Amino acid sequence: DGLIAQCSSECNVRFAELGDMIAQAASQTLIDKSVTEPKIANNAVVTRTIKDGEITRAKLAQDALVSPLKFFSGNSYTFTAEDIGLTIMNNYTSGDNNEKTVNLTYEVSHAFPIGTILIVGRPESNVVKISFGENLRVGIPGNDNWLTSPTVSISNRFSIVALTLKSIGAQDYWFLTGDVEVVT
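One structure accompanies this document, and this report is about it. (Residues numbered from 1 in each chain as written. Predicted model: local features only at pLDDT ≥ 70, side-chain atom pairs only at ≥ 80, totals over all residues. Heavy atoms only, no water.)

## Focus on the pattern of salt bridges
This model, assessed by the stated rule, comprises four salt bridges. Note that D83 is salt-bridged to K70, the shortest N-O span being 2.7 Å. Of the two residues, D83 sits in the loop between strand 2 (76–78) and strand 3 (87–90) while K70 sits in strand 1 (residues 69–72), which places them 13 residues apart along the sequence. Put simply, K129 and E99 hold a salt bridge, and the shortest N to O gap is 3.3 Å. Of this pair, K129 sits in strand 6 (residues 128–132) while E99 sits in the loop between strand 3 and strand 4 (100–104), placing them 30 residues apart in sequence. According to the relative accessible area criterion, K129 is buried, its value standing at 17%. Given a relative accessible area of 39%, E99 falls into the partly exposed group. (Salt bridge = Lys/Arg side-chain N within 4 Å of Asp/Glu carboxyl O. Helix = DSSP H or I, 4+ residues; strand = E, 2+ residues; numbered from the N terminus. Buried < 20%, exposed > 50% of the residue type's maximum accessible area, 1.4 Å probe, protein only.)

## A look at the sheet that holds strand 4
The strand order across the open sheet built from five strands is 2-4-6-9-12, with neighbouring strands paired in mixed fashion. At either margin of the open sheet sits one strand with a lone partner, and together these are strand 2 and strand 12 (180–182). Taken over all neighbouring pairs, the strand axes of this sheet differ in orientation by 25° on average, direction set aside. Two elements, strand 9 (residues 151–154) and strand 12, share three bridges in a ladder whose sense is antiparallel. Residue pairing across strands places I154 opposite V180, the latter belonging to strand 12. (Pairing = 2+ DSSP bridges. Axes fitted to C-alpha atoms, helices over the stretch in contact; angles between N-to-C directions.)

## Comments concerning the side chain of R137
With respect to the secondary-structure elements, R137 resides in strand 7 (residues 136–139). There is a polar contact of 3.2 Å between the side chain of R137 and the side chain of T148. (Polar contact = N/O pair within 3.5 Å; in protein donor to acceptor, adjacent residues only side chain to side chain.)

## A closer look at the pairing of strand 9
A two-sided burial pattern is seen for strand 9, the buried positions comprising T151 and S153 on one face and V152 and I154 on the other. Summarising the sheet, strand 6 and strand 9 pair through three bridges and their orientation is antiparallel. If you follow I130 over to strand 9, its bridge partner there is V152.

The following block contains the structure:
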């Protein structure tokens, strides 16, 4: 009888905890006002502390930048999974008039979540092209059809082009926004 009473008591406690969790999920609030790893989406937080322990408006504003700049050297650059939300530009060197190419491969494209925005800038007079790899389809304003694995050139100096991932699958689909000319 004592064992049954103990088991019953423990079950009641667990059911009460479960009820609180369900209520918390339904109301989208944290009942106990604490944020812990089990309550956060898997891998959404990679560290448990804020660097200096303070959240400031300036830090939030820095994180809210639409697209921090990332410069590359040389004549080509291939997007990586770490480039999500960045503006990619060539690091201009005086006298360098070489064409620059930014590449997006299917493997990298396929790793991005739908809705990813990548931005490529043309800050100087160098011709800047964006080359889309195999299995990538691209929608460009003014074209009625999806283009398969195109290369486009950013039309004007001081321009940016935004690439937005529409869907992923056997072929990934990207929208382009900005002034571009289809090269191939």
